[in-house]
Amino acid sequence: MSILIKILKTFLLNQYGLSGEVTPLAGELDLNFKVVSSQGEEFVLKLFAPERDQQFLDFQEKILLHLQDRVLDIEVPKIIKSKSGSSTTYLEDDNAKKRNVLLLSWISGRIWNQVNPKTENLRYQLGSVCGKFSNALVDFDHDFAHRSFEWDVANGLWTKNYLDLFDAEDQNLMTKLLDQFESVQSQYQKLQKSIVHNDVNDFNCIVSEDRFDPSLVALIDFGDAVHTQIINDVAISCSYAIMGFEDPLQAAGAIVKGYHDALPIEEEALNLLYLCIAIRLIISVTKSRINKIQEPDNTYLQISDKAAWDLLRKWNNIDPEFAKYTFRGICGFTPHPKAKSFTKWVSKQSFSLKSLFPSLDKQKIFPLDLSISSDWLGQPSEFNNLNWFDFQLGEIQKEHPGKIIAGGYLESRPLYTDSAYEKMGNEGLEHRCFHLGIDFWVPKNTPINSIFDAEVVYAVNDVGNKKYGGLLILKHLEDGIEFFTLYGHLSASISNRFKAGDKVKKGDEIGLIGTSTENGNWAPHLHFQIMLSLMNYKNDFPGVAYFNEIKCWSSICPDPNLLFAFEELQPFKKKSAAEILESRQKYLGKS
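Reference entry: report on the structure contained in this document.

How each quantity is defined
Residues numbered from 1 in each chain as written. Predicted model: local features only at pLDDT ≥ 70, side-chain atom pairs only at ≥ 80, totals over all residues. Heavy atoms only, no water. Helix = DSSP H or I, 4+ residues; strand = E, 2+ residues; numbered from the N terminus. Buried < 20%, exposed > 50% of the residue type's maximum accessible area, 1.4 Å probe, protein only. Contact = heavy atoms within 4.5 Å. Areas by Shrake-Rupley, 256 points an atom, 1.4 Å probe, with all protein chains shown as cover. Lys, Arg positive; Asp, Glu negative; His and termini not counted. Charge placed at Lys NZ, Arg CZ, Asp CG, Glu CD. Pairing = 2+ DSSP bridges. Axes fitted to C-alpha atoms, helices over the stretch in contact; angles between N-to-C directions. Salt bridge = Lys/Arg side-chain N within 4 Å of Asp/Glu carboxyl O. Core = buried A, V, L, I, M, F, W, Y, C linked by side-chain atoms within 4.5 Å. 1 Å grid on protein atoms, 1.4 Å probe; cavity = no way out; pocket = protein on both sides within 12 Å on 5 of 7 lines; lining within 4 Å. Points joined across faces, edges and corners; volume = space filled by probe spheres on them. Nonpolar A, V, L, I, M, F, W, Y, C, P; charged D, E, K, R; others polar. Phe/Tyr/Trp six-rings, centres within 6.5 Å; stacked < 30°, edge-to-face > 60°. Left-handed = near helix turned anticlockwise from the far one by under 90°.

1. Overview of the overall build of the chain
Turning to step 1, where the next piece is worked out: Across its full length, the chain carries 19 helices and 23 strands.
Turning to step 2, where the next piece is worked out: If you line up the chain on its principal axes, its C-alpha atoms span 95 × 55 × 40 Å.
Turning to step 3, where the next piece is worked out: When burial is assessed residue by residue, the chain has 54% of its 591 residues classed as buried.
Turning to step 4, where the next piece is worked out: Within the chain, contacts between residues separated by at least 24 positions form 73% of all contacts whose residues are at least 6 apart in sequence.
Turning to step 5, where the next piece is worked out: Surface accessibility of the chain: about 26,600 Å² in total, with carbon and sulfur atoms responsible for 49%.
Turning to step 6, where the next piece is worked out: Seen as two clouds, the 62 positive and the 77 negative side-chain charges of the chain have centres 3 Å apart.

2. A closer look at the sheet that holds strand β3 (residues 42–47)
Turning to step 1, where the next piece is worked out: Taking strand neighbours across the sheet as the criterion, the five strands line up as β1-β2-β3-β5-β4 in an open arrangement whose pairing is antiparallel. Two strands close off the open sheet at either side, each with one partner strand: β1 (20–25) and β4 (88–92). For this sheet, the mean angle separating the axes of adjacent strands, direction not counted, is 30 degrees.
Turning to step 2, where the next piece is worked out: Where β4 and strand β5 (residues 98–105) come together, five bridges link them in antiparallel fashion. Following the sheet pairing, E92 is matched in β5 by K98.
Turning to step 3, where the next piece is worked out: Sitting on the sheet, helix α1 (residues 2–16) touches β1, β2 (31–37), β3, β4 and β5, and the angle it makes with β4 is about 140 degrees.

3. Quick word on the sheet that holds strand β15 (residues 438–441)
Turning to step 1, where the next piece is worked out: The eight strands lie next to each other as β11-β12-β15-β22-β19-β18-β17-β20, forming an open sheet whose pairing is mixed. The outermost strands of the open sheet, each flanked by one partner alone, are β11 (364–367) and β20 (503–504).
Turning to step 2, where the next piece is worked out: Note that strand β18 (residues 469–478) and strand β19 (residues 481–490) share nine bridges and pair antiparallel. Residue pairing in the sheet places I473 in a bridge with L486 of β19.
Turning to step 3, where the next piece is worked out: Lying on the sheet, helix α12 (residues 339–346) is in contact with β18, β19 and β22 (526–531); it crosses β19 at an angle near 80 degrees.
Turning to step 4, where the next piece is worked out: Against the sheet, helix α15 (residues 386–399) contacts β11, β12 (403–407) and β15, and its axis sits at roughly 130 degrees relative to β12.

4. Observations regarding the pattern of salt bridges
A side chain of one charge can pair with a side chain of the opposite charge if their charged atoms are brought near each other.
Turning to step 1, where the next piece is worked out: All chains considered together, the criterion is met by 25 salt bridges.
Turning to step 2, where the next piece is worked out: Between E150 and K287 there is a salt bridge; the shortest N-O distance is 2.8 Å. Separated by 137 residues along the polypeptide, E150 in the loop between α3 (120–136) and α4 (168–183) and K287 in helix α9 (residues 273–294) bring together distant segments of the chain.
Turning to step 3, where the next piece is worked out: Judged by its relative accessible area of 37%, E150 falls in the partly exposed class.
Turning to step 4, where the next piece is worked out: Across the salt bridge formed by R497 and E509, the nearest N and O atoms sit 2.9 Å from each other. You can see R497 sitting in helix α16 (residues 494–497) and its partner E509 sitting in strand β21 (residues 509–512), a full twelve residues away along the chain.
Turning to step 5, where the next piece is worked out: A residue is classified by how much of its surface remains accessible, and R497, at 36% relative accessible area, is partly exposed.
Turning to step 6, where the next piece is worked out: Ionic contacts of the salt-bridge type, sharing partners, join the residues R110, E209 and R211 into one network.

5. What about the nonpolar core?
Turning to step 1, where the next piece is worked out: One finds I63, L126, L216, F327, F389 and F541 to be the most contacted residues of the largest nonpolar core, which totals 134 residues.
Turning to step 2, where the next piece is worked out: When residues of this core are assigned to their parent elements, the largest contribution, twelve residues, is made by α9.
Turning to step 3, where the next piece is worked out: Ignoring anything within four residues of it in the chain, the contact list for I63 reads L137, F140, I195, F222 and A225.
Turning to step 4, where the next piece is worked out: One finds F342, A459, I481 and L563 within the second-largest nonpolar core, a separate group that totals 41 residues.

6. Overview of the environment of F528
Turning to step 1, where the next piece is worked out: Take F528: it is sitting in strand β22.
Turning to step 2, where the next piece is worked out: In this structure the C-alpha to C-alpha distance between F528 and N561, which are 33 residues apart in sequence, comes to 9.9 Å.
Turning to step 3, where the next piece is worked out: Every residue in contact with F528, bar those within four places of it in the chain, is listed here: G437, I438, F440, I451, T485, L486, Y487, P560, L563 and F564.

7. Details of the layout of surface pockets
Turning to step 1, where the next piece is worked out: The volume enclosed by the second largest pocket comes to roughly 970 Å³.
Turning to step 2, where the next piece is worked out: Lining the second largest pocket are 37 residues, with D247, L249, F322, K423 and E549 positioned closest to its centre.
Turning to step 3, where the next piece is worked out: Looking at which element gives the most residues to the lining of the second largest pocket, the answer is helix α7 (residues 248–262), with six residues.
Turning to step 4, where the next piece is worked out: Among the residues making up the lining of the second largest pocket, the classes are represented as 19 nonpolar, seven polar and eleven charged.

8. So, the packing of aromatic side chains
Turning to step 1, where the next piece is worked out: Taken as a whole, this structure holds 30 aromatic pairs when the rule is applied.
Turning to step 2, where the next piece is worked out: Ring plane angle 15 degrees and centroid distance 5.3 Å describe the contact between Y274 and W315, whose orientation is recorded as stacked. Separated by 41 residues along the polypeptide, Y274 in helix α9 and W315 in helix α10 (residues 305–316) bring together distant segments of the chain. This pair shows no difference in class: Y274 is buried, exactly as W315 is.
Turning to step 3, where the next piece is worked out: Aromatic side chains F389 and W441 sit 5.3 Å apart centroid to centroid with 45 degrees between the ring planes, which places their arrangement in the tilted category.

9. Regarding the packing of helix α6 (residues 230–241) against α9
Turning to step 1, where the next piece is worked out: Direction vectors running N to C along α6 and α9 enclose 60 degrees, while the axes themselves pass 8 Å from each other. The crossing of α6 and α9 is right-handed. Between α6 and α9, the residues in contact are I231, N232, V234, A235, I236, C238, S239 and Y240 and L273, C276, I277, R280, L281 and S284, respectively.
Turning to step 2, where the next piece is worked out: A class-by-class count of the residues in the contact of α6 with α9 yields ten nonpolar, three polar and one charged.

Take it as geometry only, folks, not as evidence of what the structure does.
Put into structure tokens, the structure is as follows:
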């Protein structure tokens, strides 16, 4: 390297009139150097690999010049011309190989992987900048951009030929995702295409030195730019930037939102973004494995391997449908594409409580607020005490004997105290506490009827503290609209009563309300929920959601009160201080 440095110093002086220090930088195929002149000016010197052809060099020059002509609120590396006025020159390196050379302006800042934390605002900026770059390239074209390229997500199926480099578990993971990608090629090939950066990784994003409010300063290195589906660039923008996050889907949201705000992402493309991210990660880990075999001493080529595998495994555990609905919601579409048609259909229907609870001669509701702000619940030591909870419900029922106590849709509740309702999120511990159904607080052994013709999806006994106990999920098809209903906290006998595929007629009895010893340790009640999709859940389905996912879940699980249209079950109005005090004195006594 010392010989090459001497060659470079002589070259810079002769070709550019620059003298100073030359320091190697990281790179994959090409060699990169930082140049600091004796006058303190800073540059990047790129020595392209000997195999780079003239068409590639022309592409690099043209794309940079094109971007420099666009008004972008971010820096673009500028080409420094030689003393003879040439944009590119060449030299012979220390192995007597001819290398083409490009001298670029230096952009100050930190590379992305040196930044911590990678704030939501910074991730939004990343998406926005990538979208603006892609938008600036929509009217640009070059023959070299249309090459076949292994790092192009569109060509990602080549990795199938290297699956034998991985162990059986990793092969299964990769094969599943690759097969899914292959199965959607007819839709994928129709997506909008353009030339995109295609390599927004940790080392190509320059961030300001501001530690409190960092901002994205520049994107560099257009060596991988290619003509491909624009959604691939969105996927790549996400893939590297969400490594290291506990919740990568949530972390990707700000990037996708930023990109969409700068360059609207077509609806069909959002449906495939989950898979495009997965395929980019598979390309990355496959290239790393190949490079490890071919160049075991080149640590730069392995720099993202562990982080990529960690992310790929987390990504594989995310439901693809849920990711699709999440991305749709982030970009302003209805998260579940059938939510509007379901709401329109159900608005023309009318159902009574008698159709659900035939043995109860009650057609009115008393709304029970179990939210965090409830003036009824009291302390955890109280609401976790079944005897206390039962007694309080009984007191309310005495006051309203002709009504069914009910409520709960989208309430943020403190009731879910079991660790199964917790996860570590990107900003600390998070709790699933937003209720996705309506709870009907009715006596144990109360019969429940189906209000639609149905097919049993599954009937199980979900055993455990704060679980469902007896659980039944039915599938319905009404006027061409498919949806599902969930009945939780039934008697344990439900698992013996039905099997998957059984047919149920409207008005058939489908279960009994379970006791507290068999319903997950709750006071007797029915958890009733509507779902427009079951996604990949088997023998279970969430009845509560995390705060940062509520927009998506409320689209997947519409308000069950759409069936009954009870005014009392509309979202609670904020109570005045006087109303809260009166209620507290009534139910909790004087303070």
